[in-house]
Each structure stands twice: as C-alpha cells, then as structure tokens.
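# Structural features, examined
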Amino acid sequence: MKPVTPLRVLLTCAALAVTLLAAVLVALKLGAVPVSFAHLMSGLIERTFGGANPLPADLQLILFEIRLPRVLLGILVGAALAVAGASFQALLRNPLADPYVLGVSSGAALGVILSLAVFPNIGVATPLAAFAGAALTITAVYFLGRRHGQLDSTTLVLAGIITASLLSAVIMFLMTTLPSGSVRGMAFWLMGDLSVEPPVSLALLFAVLAATAATIYFTAADLNLMLTGEQEALHLGVNVARVKLVVYIAASLLTGLAVSVSGAVGYVGLVVPHAMRMLVGGDYRVLLPAAALGGAIAVVFADALARTVVAPTELPVGAMTAMAGAPFFLYLLRRRMR
Amino acid sequence: MLAAAAALALALASSPAGAPQSPSAKPAAATRELTDEVGRAVRVPLEVRRVVSLAPSITETVFALGLDDRLVGVTDFCDWPPEAKNKQSVGEVRNPSLEQVVTLRPDVVLATKAVNRRETVEALERLGVAVYVTDPLTVEGVLASTARTAEVLGAPERGAALVASLRARLENLRRRLADRQPKRVLFVVWHEPLISTGRGTFLWDALRLAGAESVVDTEQDWPRLSLEEVARQQPDYLVFAGDHQMNLRRLIRSLGERPGWRSLDAVREDRVVVVSDALNRPAPRIVEAIEQLARALHAEAFAEAERGKGKRKKGSSGVARYSPFRFSLFPFPFAPQASLVVQRHCS
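These numbers come from a predicted model, not from an experiment.

Within chain B, the secondary structure is distributed over 14 helices and 14 strands. Sorting the 347 residues of chain B into buried and exposed places 52% on the buried side. Total accessible area computed for chain B in this model is approximately 15900 Å², and 53% of it derives from carbon and sulfur atoms.

Now the structure itself:
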C-alpha cells in the first residue's frame, strides 16, 4: 500500500463523497411514486437556491419531507455503525468484532424498549436510554471479558455473544408481557427500520455523530499501533488503557445512536470496514473516514432498495443489509482462509 | 475531514427546516375539528371527497356505508368486498407507503389503533395529512365507530340507517338467545402457537353476543395459550373464523391427528365451528358472523323459529360442524353451504 498522506486521505474521501452523493440522488429518485429526473433536479435547485418554477405540492412533500429525512437518517446510521464496527475491530484485533457480536446493539435495544414502556411520551428518553443501554452493556462485557487483569479478545467476544443472547431473551420476554400498546411496532423496529422519524432533531444527532467520530479519529494513529499488538503499542508510547476506554465509550455511543433511531440494522459494522480495507488499505487514518462514508453509501442504497423492491409495501432496511451483507461476509471468510 | 462531511450533512439536515414549510396539499378549505376515537384532535374539510383507508375493517365499513366512490386508497389486505381490490393500494397495513398516501391527496386518512402503527399515524400527521383513528373495543363500539366514520365522511344519515338495521338484528338475536345457556368455547385466533382472545377485544364481545362464553379469561388482548390449559378447561366448542381458506380446512381436517388437539373433547366429538372471517374484523359484517356463530352453537333456537315459519329446511341452519371423516370422503363439503349462509345474511 502507498503511504498514507493527508492528500491521499482527502482524495479518498472526495471520491467516496461523490459516490455518496450519487447514492443520495438515486435514493431520492427511487420510491413507490415515480419522480422524473428533471423534477428531482429542478426540485433540488429550487430548494437550494430558490427558484422560479415550483414543483407540484405533493412531489415536494414526497421528496423533501418523506425521502430526504429518510436518506439523511440512512447516512447517520450507516456512518455510525461502520465507524463503531471499525473501532471494535481495532480494539479487539478481531475481524468478527461488531456492535452486534458484542451485545452492544442488544443493550441499546433493551434500553429503547424500557424507555418506551416507562416514558412513552418523552421523545428524548429513547436515544438517552439507548446510550445508557449500550454503555452499560459494553462496560459489563468489558469486565466479563477480562482474564488475569487483562482484556482477552476471545473471552470478550464470547462474553459479548452470550450477553447479546441474554439481552435478546429479555427483550422477547418484555415484548410478550408488556401491554401491547406501549411496544406496538417494536417487532418491525427490531429488524432495522428507517421509516420512523427520530424523536430528536436530525441536526442534533449529526452533531453527536460528528463529535464522537472525530474523537475516535484522533486516536487513529494509536489504533494502528495497537493493531500490531498491545504490548508493542505500549512500548511505542501509546497510552493503551486510555485509548481503549475512550474508543470503547465512543463506539458504544455511536451504536446507541444508530440503534435508537433505526433498530437493528445488521452487518454494516462488519462488512463495510472490511470492504473499505480492501479498497483503501488497513491504515485507520484513512480507513475510519472511508468506513464512515462507505457505511452511509451502503445504508442509503440498501434503504432505497428496501423502499422499492416490493413497492408500495416497504421492507425493513435491516432485511436488505443482512441479505446483501451475509453472503459478502461469507465470501470474506472464505478468502481469508485460503 | 469527518468534521467537514458532518458539517455538510448538518447543512443538508437543517435546510428543510429553514425553507418554506410543508406545502399543504390544497388551499385552506373550510374545515371542522373532530376528536377521534383515541382522543386526538383532527381537522378535516367540511366536504370529504377523497379517503384513504389503512385497514381492511375500515375499507369494509366505507363500502357498507355506500361511500366507496370516495375511497381512493386501500391496503393490500383489503379483500372485502371484492371490488376493494380494484382500488389503488398504498401497501401493507403495518407499513404503508407514505408517498403513495400523499400522492392520493386524501382529505382524510382513516386508520385503526389495533392494526396500524402509531408511527405511521404520527408520520402522516407531520406531513399535514388528517388522520382519523378508530378504536372499537366492543361490538357496540364497532357500531358507534361505523356511525362516526359516516359522520367524518359527511354522511351521518347513512351511518344512522346502517347502525339502526345492525342494531335491530343484534336485538333480534339477543331475544332469541335470551333463555339459552351460553356455550363454553375456545376461539382460535391462531393455532401454532395457540392464540386466543382476551376480555378487552371486540371479538370477546362478539362471542358473548353469539351466545358463547370464552374459556379464556385474561386481561391480555391476544394471549398465547398452552393446549394443556385448554384440555383442562375442555371447551364445548372450538371456534375458527375464515370460511374460504384452504389452509383452515386442511388444519381442521388434521386436528384429530394432532397431539394435544386430539385430546380435546370438542375435537373428538366433532364440535368444531367455522364462521366467516368477518368475525375477525371490527366492521359491520361482524353482525353477520355473530348470527352465523349463534346459529351454529344454538341450532335449536333457530330450528324452532324456522320450522314455525316453514320456510327453510332444517339442515341448513348455519351448518358449521365438520367432521374429519366427512372431509376425507369429499374434500369440500362445506363450501357451498358456507356461501349459502353468507348469501342468506347478505340479502
């Protein structure tokens, strides 16, 4: 691989940003109701610069009140999950690490369900409870995964899987026993769904995403060293314990953020970082931003498909990412073994 | 770099909020404010010309009111009356396409709490679409909801007439069953896992009006049961709803061989009743299904009256007892009979 320079990072991101823009345009154009490309472009121009010929009211509503918020939500969820996945993979030096494998997503989901049961009318409670659920879970898994005072990757992953399965059982229990009204629609949400507008403004969610992802990015050089081994990183002067703590917290915040607005969109945190590693190499200084953009592209595209393949009925986007992600993951696995 | 991307995203995210707000589908026509059945305030035009239904029961209700010319959108599940299938679909009840709904420019969207998601209603509300939510919890509630739906659509007189005739039929039924001991039944909503209905649903109430008493007594709306519990209760009858479904016929034929089910007296002694799936829907047709069930459970009460009138053959009174044996001889013995029952009630 070529050496990583700021210019290379910038060029990579620019190329991916253009791809993302294309994906956004496709996602805005596709839907149950046909919108011509001319209408789409004139609508966008009018929206940005203020224009002369306004679109029909219902087309405006469809483009900017229904599709655009959903596309933005897809960008948010995709970027958050991919960065969280890449971070967990570096911390654990384990390619299978992913918010789902570690149980962090299930913890966030449990938080959401509890908050809906207890405070059904407080919108902000949902993402806060998801953060709390994710953070508590990763803390528990972190301590369960320690052996002889050291984090042990295998033990950690096992602890995560078992915790996830325990939390799923609790979720099933709650969904069966809680009065059906309070958790109505949850089954759909659990499969990963972008159709529900988040209870908190998108701008705030994006601000949290940017701050958290930037925090992780500042440790990118340290993560590179830690990938070669924690002892080695320690000898090279990396404050391993602090980096790990910061990145664990940041990554679980990202997971909580994604789960609270979209439920369980699987495989993004697993597949996107791998795909980006194949494209741009394993250096975290370029991999992290590439994964963020790649995750956004993947989810925006998957959701465009979810909205259109059986239109006017919509599929949960989680079903689409799993259908595309699982075979890709198997392919990666086979390639690794050769 | 990430920050730059985030800034761009922020700009994109905030621009819709700053721009001129959601262009309402049409210029402000004369409207009135209603309170729907879940207590939400809904503003609908005085004259409602375009209606989207988000549930099969609502589609049926609008058709029963004779207001189907105003129905511009239905769901994939709206299969009754057959003409409903010719209407534009907006997708599935749990997850309809909001864009499709908006494109149809409805004056009001009708939803029902039991099957639609709150998220769908809230999303439509944010898009400036009026959504009226019904929530019938008893058969009386179904009638009241029918009357209110007619009122929302600006045709209260049609609602009043329809409800009066339905109420008369129920009253007739009540008198006929007045001195009958209710039959203890298990209503099977789903068989695997076994799901029945609880005290808070319109179905529970419908069973009661048909002279049946559910052996399941619980606060939960759709309780999951163990067959053990059912075997302990030994209901007089098993009741299924869904007359035209092949799968249901096959299921009922197989009950005698299914472990657990075959230990029920009702199965062994062939006391299995199938009524119209209208019983499952909180719409006017439920009265028909209630009558059908009452005839099947209390044949004597009807036989006497009919013999008195001398109009019908004895055997035709709501035939709904099927033996596995009969099925094995001839696969569809009840199809013509069932449709006979339905026709009779329709006329």
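Moving on: the packing of aromatic side chains. All names here are of chain A. In this structure the tally under the stated criterion is three aromatic pairs over all chains. When the ring of tyrosine 142 is compared with that of phenylalanine 143, the centres are 5.5 Å apart and the planes differ by 80 degrees; the resulting orientation is edge-to-face. Among the aromatic residues, those joined into a ring-pair cluster are Phe88, Tyr142, Phe143 and Tyr248.

Before going further, it helps to spend a moment on the pairing of strand β13 (residues 237-241) of chain B. All names here are of chain B. Burial within β13 is extensive, with five of its five residues counted as buried. Taking every second residue as pointing to the same face, both faces of β13 are buried, with Tyr237, Val239 and Ala241 on one and Leu238 and Phe240 on the other. Pairing geometry for strand β9 (residues 183-188) and β13, over four bridges, is parallel. Opposite valine 185, over in β13, you have tyrosine 237 as the bridge partner.

This part is about unusual backbone geometry. Residues and elements named next belong to chain B. Note that the residue after tryptophan 80, namely proline 81, is joined by a cis bond; omega there is -10 degrees. Mapped onto the fold, proline 81 is located in the loop between β4 (71-73) and β5 (91-92). At glutamine 234, a position not held by glycine, the phi torsion is positive, near 40 degrees. If you trace the backbone, glutamine 234 turns up in the loop between α8 (227-233) and β13. Using a relative accessible area of 22% as the deciding quantity, one classes glutamine 234 as partly exposed.

Moving on: helix α13 (residues 284-308) of chain A. Taking 1.5 Å of rise per residue, the 25 residues of α13(A) would be expected to cover 36 Å, and the 35 Å separating its terminal C-alpha atoms lies within 8% of that figure. Burial within α13(A) is extensive, with 20 of its 25 residues counted as buried.

Residues and elements named next belong to chain A. On the surface, a cluster of nonpolar side chains totalling about 460 Å² of accessible area is made up of Val26, Leu30, Phe301, Leu305, Val309 and Val310. Considering the arrangement of structural elements, one finds valine 26 in helix α1 (residues 6-29). In this structure valine 26 comes out as partly exposed when scored by relative accessible area, which is 35%.

The next point concerns the environment of Val208(A). Summarising the element assignment, Val208(A) is placed in helix α8 (residues 202-218). C-alpha separation for the pair Val208(A) and Leu254(A), spaced 46 residues apart in sequence, amounts to 8.4 Å.

This brings us to the sheet that holds strand β3 (residues 51-53) of chain B. Sheets are built from strands that pair by backbone hydrogen bonding, the pairs being arranged parallel or antiparallel. Residue and element names in this part refer to chain B. Strand order in this open sheet of four strands is β4-β3-β7-β8, and the pairing throughout is parallel. Strands at the two margins of the open sheet, each flanked by one partner only, are β4 and β8 (131-134). Between one strand and the next, the sheet's axes are offset by a mean angle of 35 degrees, whatever the strand orientation. Where β3 meets strand β7 (residues 108-112), three bridges bridge the pair, whose relative direction is parallel.

The final tally for this structure, using the stated rule, is 26 salt bridges over all chains. Between Glu230(A) and Lys244(A) there is a salt bridge, with its nearest N and O atoms 3.0 Å apart. A residue pair is termed long-range when its members are at least 10 positions apart, and Glu230(A) in helix α10 (residues 230-235) and Lys244(A) in helix α11 (residues 240-262) qualify at 14 residues. Residues Glu230(A) and Lys244(A) agree in their burial class; the two are buried. Residues joined by salt bridges that share partners form a network here, namely Arg67(A), Arg70(A), Asp303(A), Arg307(A) and Glu99(B).

Let us look at the nonpolar core. Residue and element names in this part refer to chain A. Ile75 and Phe88 are the most contacted members of the largest nonpolar core, which has 99 residues in total. Take this core: its biggest share by element is 21 residues, from helix α3 (residues 57-92). Among residues more than four places away in sequence, those in contact with isoleucine 75 are Leu20, Val24, Phe206, Ala296 and Val300.

Below, the discussion takes up the sheet that holds strand β14 (residues 272-275) of chain B. All names here are of chain B. Spatially, the four strands line up as an open sheet ordered β12-β9-β13-β14, and their pairing is parallel. Each edge of the open sheet carries a strand with a single partner, namely β12 (212-214) and β14. Going across the sheet, the axis of each strand differs from the next one's by a mean of 40 degrees, ignoring polarity. Bridge analysis of β13 against β14 gives four bridges, and the strand direction is parallel. Bridge pairing in β14 places phenylalanine 240 opposite valine 274. Those strands touched by helix α7 (residues 202-209) are β9 and β12, and its axis lies near 140 degrees from that of β12. Docked against the sheet, helix α11 (residues 286-297) engages β9, β12, β13 and β14, running at close to 160 degrees with respect to β14.

With that settled, consider helix α12 (residues 268-280) of chain A. All names here are of chain A. Here α12 spans 17 Å end to end across 13 residues, near enough to the 18 Å set by a 1.5 Å rise per residue. Along α12, the residues classified as buried are Val268, Gly269, Leu270, Val271, Val272, Pro273, His274, Met276 and Val280. Positive phi appears at glycine 281, one or two residues downstream of α12, with a value of about 95 degrees.

Moving on: the confidence of the model for chain B. Residue and element names in this part refer to chain B. For chain B, mean pLDDT is 79; residues scoring 70 or higher make up 78% of the total. Looking at the elements of chain B, mean pLDDT is at its lowest for helix α14 (residues 335-346), recorded as 32, and at its highest for β3, recorded as 95. The low-confidence segment residues 1-26, where pLDDT is below 50, has 30 contacts with residues more than four positions distant or belonging to other chains. Across residues 310-347, where pLDDT falls below 50, the model places 53 contacts with residues more than four positions away in sequence or in other chains. With pTM at 0.75, the complex prediction returns an ipTM value of 0.70.

On to the packing of α3(A) against α12(A). Residue and element names in this part refer to chain A. The contact between α3 and α12 brings their axes to 7 Å, and the two run at 75 degrees. Considering their axes alone, α3 and α12 lie roughly perpendicular with respect to each other. On α12, the residues touching Gly78, Leu81, Ala82, Gly85, Ala86 and Gln89 of α3 are Val268, Gly269, Leu270, Val272, Pro273, His274 and Arg277. By residue class, the composition of the contact of α3 with α12 is seven nonpolar, five polar and one charged.

The element β7(B) is largely enclosed, with a buried count of five among its five residues. Here β7(B) shows no split at all, with Val108(B), Leu110(B) and Thr112(B) on one side and Val109(B) and Ala111(B) on the other all buried.

This part covers the packing of helix α5 (residues 139-152) of chain B against α7(B). Residue and element names in this part refer to chain B. Where α5 meets α7, the closest approach of the two axes is 7 Å, and the angle between their N-to-C directions is 110 degrees. Classified by the interaxial angle, the pair formed by α5 and α7 is roughly perpendicular. Across the interface between the two elements, Val139, Glu140 and Val142 of α5 pack against Phe202, Asp205, Ala206 and Leu209 of α7. When its residues are assigned to classes, the contact of α5 with α7 shows five nonpolar, no polar and two charged.

What counts, and where the lines are drawn
- Residues numbered from 1 in each chain as written.
- Chains lettered and ligands numbered in written order.
- Predicted model: local features only at pLDDT ≥ 70, side-chain atom pairs only at ≥ 80, totals over all residues.
- Heavy atoms only, no water.
- Helix = DSSP H or I, 4+ residues; strand = E, 2+ residues; numbered from the N terminus.
- Buried < 20%, exposed > 50% of the residue type's maximum accessible area, 1.4 Å probe, protein only.
- Areas by Shrake-Rupley, 256 points an atom, 1.4 Å probe, with all protein chains shown as cover.
- Phe/Tyr/Trp six-rings, centres within 6.5 Å; stacked < 30°, edge-to-face > 60°.
- Pairing = 2+ DSSP bridges.
- Expected span 1.5 Å × (residues − 1).
- Patch = residues over 30% accessible without salt bridge, like charges linked within 9 Å, V, L, I, M, F, W, Y side chains within 5 Å.
- Salt bridge = Lys/Arg side-chain N within 4 Å of Asp/Glu carboxyl O.
- Axes fitted to C-alpha atoms, helices over the stretch in contact; angles between N-to-C directions.
- Core = buried A, V, L, I, M, F, W, Y, C linked by side-chain atoms within 4.5 Å.
- Contact = heavy atoms within 4.5 Å.
- pLDDT = per-residue confidence, 0-100.
- Parallel < 35°, antiparallel > 145°, perpendicular 65-115°, else oblique.
- Nonpolar A, V, L, I, M, F, W, Y, C, P; charged D, E, K, R; others polar.

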